[in-house]
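Topology and contacts: notes
Residue strings, one per chain:
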Amino acid sequence: MHLLCYYYLCGTKKKLNNIPMQIVKQPDTFLRQPTQEVKFPLSEENNIILDNMIKIMYQANGIGLAANQVGYNRRMFVMDTSNEKDSPQVFINPIVKSKNNIKTNDIEGCLSCPGEEVKVSRSISINLEWKCRHGKSQHKTFYYLPCRVVQHEMDHINGKLITDHGPILKRE
Ligand SMILES: [Zn+2]
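Heads up: these notes are all about the structure in this document. (Residues numbered from 1 in each chain as written. Predicted model: local features only at pLDDT ≥ 70, side-chain atom pairs only at ≥ 80, totals over all residues. Heavy atoms only, no water.)

Okay, helix α3 (residues 44-59) next. Here α3 contains 16 residues, and its C-alpha end-to-end distance of 23 Å stays within 8% of the 22 Å for a straight helix at 1.5 Å per residue. Every buried residue belonging to α3 is among Asn46, Ile48, Ile49, Leu50, Asn52, Met53, Ile54, Ile56 and Met57, and all of these are buried. Asn61 sits one or two positions beyond α3 and adopts a positive phi of about 55 degrees. (Helix = DSSP H or I, 4+ residues; strand = E, 2+ residues; numbered from the N terminus. Expected span 1.5 Å × (residues − 1). Buried < 20%, exposed > 50% of the residue type's maximum accessible area, 1.4 Å probe, protein only.)

Rendered as structure tokens:
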């Protein structure tokens, strides 16, 4: 039985809220498994998973985190590229509508590949459609850092890692 279900059946909502989540790291093959569409209205479980993902992203000093990085193979990720770390964004069932053909290289790290850095070529802009927690469709074109993070997280929910993009430049 899934850990979360166990807590749900045996405990209170408060306990469910406090479930320990761990970042799944490579070479764990869970990171490569297909992820599933999320249904609406959003379940209480998914709401709590998203809250915990935001918490873990901040704790780990990350700027993005996908659900399959914390053990849930669902098509959702969170992101906060603000300096203040006070603007978490939630993306559910994201779909890339279009990508700029112009690409740029930058060095990326990943919470699932600790200590490793890879030069990754990404589109300079990307148009994304997704659902918010309330099931409302959202559209936006992303540029600069958010654009890179969105593409990195889309890779995650499609089972891809930075190490698939090129050689590891640095290993701690
Ligand atoms: Zn990552």
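The rest of the description comes next.
Let us now look at the coordination of the zinc ion. Each protein donor to the zinc ion is listed here as Cys110 (SG), His152 (NE2) and His156 (NE2); together their distances run 2.0 to 2.2 Å. One chain supplies every donor for the zinc ion, spaced along it as C-x41-H-x3-H. Taken together, the residues span a long stretch of sequence, with Cys110 in the loop between β4 (103-108) and β5 (116-123) and His152 in helix α4 (residues 144-157) at a distance of 42 residues. For the pair shown, Cys110 and His152 are each scored as buried. (Donors = N, O, S within 2.8 Å, 3.2 Å for Na, K, Ca; no water.)

Below, the discussion takes up the pairing of strand β6 (residues 125-131). When you tally the buried positions in β6, you get 6 out of 7 residues, the bulk of the element. For strand β3 (residues 89-99) and β6, the ladder comprises 5 bridges, and the chain directions are antiparallel. Each bridged residue has a counterpart across the sheet, and for Ile92 the counterpart in β6 is Lys131. Pairing of β6 with strand β7 (residues 137-143), which is carried by 7 bridges, proceeds in the antiparallel orientation. Looking at the pairing, Trp130 lines up with Gln138 of β7. (Pairing = 2+ DSSP bridges.)

Within the largest apolar cluster, 17 residues are counted, with the highest numbers of intra-cluster contacts made by Leu50, Met53, Leu65, Val70, Met76, Val78 and Ile92. Looking at this core, the elements with two or more residues in it are α3, β2 (76-79) and β3. With 6 residues, α3 is the largest single contributor of residues to this core. (Core = buried A, V, L, I, M, F, W, Y, C linked by side-chain atoms within 4.5 Å.)

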